[in-house]
Amino acid sequence: MSSDTQATGVKAWITRLFVKVGVLPFFLLGALVIFTLLSSKFLTGQNLINVARQSVYLVLVSMGQMLALVTGGFDLSVGTAIALTSVVSAMGMVWLAGIFPDAIWLAILLGAFLGFGAALMVGLVNGIGVAYFEVSPFIMTLGVSSVGAGFALFLTGGVPVSGLPFQFADTFGFGRLWGIPVPVIIAVICIVIMWVLMARTRLGTQIYAVGGNIKAAHLSAINTKRTLLLAYMICALIASLTGLLLTARVESGEANLGGSIALESIAACVIAGVSLRGGIGRVENVVLGAFFIVLVQNGMNLAQVSSYMQMVLLGALLILAVIFDQIRYRIIMQGR
């Protein structure tokens, strides 16, 4: 076999891999090589476990963001859903703990449900605006993000909500079960549920169909408005769960939690091969994409890259991912 034939074969294999999973494997390999050369502490078992623990929050939000992206939109209000959940659930727990001092877990449970309710309102408003009034997802979620952030600051006056029940932070922030951190266990359960939802249920098929071609989906008797509404509500619900876990981690209700997570979750999804045009995306790739983002941040910290340059590099990664998404889409269209 000639060298030209071998080169053509390798190029064809790389192209097939790129079309199937996107740019992520190439980015991941590059990050592993670069940061291993820059720091001897990077590719150690302890550091990788650390990255897995830190990536829980971005993994969860990215799975919700994937739903919005697969429908052909996106959600800029996931950070606001996190902040509102944090503030409302914390205030609820503190208030209810005073009413039921002998039933702390009841106070924690009811406070958590209050937080879920606040985030679901965010998802409901987003879904109604996008699905029923056909507002651009960018404008709708940006506006809701601003309203929600202002409301969270209004509730707290900009002061963190303290005095949460000790059991809440001890269990969901720092607790372990069978030696595994509780947030990691919760994330794994959510990953399995999300994979089943997208790969094995009618709703998952409908979400892909709506993102692929909303007019064709409507002609196929799919309730496209209901599908879009559910997608944004589930996205907000997953962000709300992330807000609860972060609240437990910081042991207070914070109105500024999740400030940059919307951009990071979109970057994780795009790097993982979720198309910005909708209809394409896999849960397992998104999980790996979120892990990659946190891995890069960890590697830059170990390499002592300044926080300002980290912002520059993460922004550059997102731009590159979008460019490669364009190239990938053209290759897919040419192959049809």
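Residues numbered from 1 in each chain as written. Predicted model: local features only at pLDDT ≥ 70, side-chain atom pairs only at ≥ 80, totals over all residues. Heavy atoms only, no water.

Visitor: Where do I start with the overall build of the protein chain in this structure?
Guide: Within the protein chain, the regular secondary structure consists of 15 helices and two strands. Computed over the C-alpha atoms, the radius of gyration of the protein chain is 21 Å, within 12% of the 20 Å expected from 2.2 N^0.38 for a compact globule of 336 residues. Structurally, the protein chain occupies a C-alpha span of about 80 × 55 × 35 Å along its principal axes. In the protein chain, buried positions account for 48% of the 336 residues. As displayed, the protein chain offers around 16400 Å² of accessible surface, 69% of which is attributable to carbon and sulfur atoms. When the 17 basic and 10 acidic side-chain charges of the protein chain are each reduced to a single mean position, those positions are 14 Å apart. (Helix = DSSP H or I, 4+ residues; strand = E, 2+ residues; numbered from the N terminus. Rg over C-alpha atoms; globule rule 2.2 N^0.38 Å. Buried < 20%, exposed > 50% of the residue type's maximum accessible area, 1.4 Å probe, protein only. Areas by Shrake-Rupley, 256 points an atom, 1.4 Å probe, with all protein chains shown as cover. Lys, Arg positive; Asp, Glu negative; His and termini not counted. Charge placed at Lys NZ, Arg CZ, Asp CG, Glu CD.)

Visitor: I would appreciate a short explanation of helix α2 (residues 24-38) in the present structure.
Guide: In an α-helix, one turn spans 3.6 residues, which is why side chains three or four residues apart end up on the same side. End to end, α2 covers 21 Å across 15 residues, agreeing with the expected 21 Å (1.5 Å per residue, within 8%). Listed as buried for α2 are L24, F27, L28, A31 and F35. Down the axis of α2, the buried set is contained in an arc of 95 degrees. They therefore lie on one face. Exposed positions of α2 whose direction lies more than 90 degrees from the buried face are L29 and L37. (Expected span 1.5 Å × (residues − 1). Arc of directions from axis to C-beta.)

Visitor: Explain the nonpolar core to me, please; I cannot follow it from the model alone.
Guide: When a protein is soluble and globular, its nonpolar side chains tend to lie buried together. Of all hydrophobic cores here, the largest spans 79 residues; its most connected members are M198 and F292. Top contributing element to this core by residue count: helix α4 (residues 56-70), with 11 residues. Within the second largest apolar cluster, 10 residues are counted, among which are V87, V122, M140 and V144. (Core = buried A, V, L, I, M, F, W, Y, C linked by side-chain atoms within 4.5 Å.)

Visitor: Where do I start with unusual backbone geometry in this structure?
Guide: The phi torsion of most residues other than glycine is negative, and most of the peptide bonds are trans. We note that E134 has phi near 55 degrees; this positive angle belongs to a residue other than glycine. Relative to the elements of secondary structure, E134 occurs in the loop between α6 (104-132) and α7 (137-156). Here Q304, not a glycine, exhibits a phi torsion of approximately 60 degrees, which is positive. Given the relative accessible area of 73%, Q304 is considered exposed.

Visitor: Any chance you could explain the confidence of the model for the protein chain here in plain terms?
Guide: Caution applies to low-pLDDT regions: their predicted coordinates should not be interpreted in detail. The predicted model of the protein chain has a mean per-residue pLDDT of 88, with 98% of residues at 70 or higher. Highest mean pLDDT in the protein chain belongs to α4 (95); lowest belongs to helix α1 (residues 3-21) (74). (pLDDT = per-residue confidence, 0-100.)

Visitor: What is the right way to look at the side chain of Q297 in this model?
Guide: For Q297, the position within the fold is in helix α14 (residues 283-302). Exposure remark for Q297: the relative accessible area of 18% places this residue in the buried category. At 3.3 Å, the side chain of Q297 forms a polar contact with the side chain of E264. Contact partners of Q297, with chain neighbours within four places excluded, come to E264, Q310 and L314. (Polar contact = N/O pair within 3.5 Å; in protein donor to acceptor, adjacent residues only side chain to side chain. Contact = heavy atoms within 4.5 Å.)

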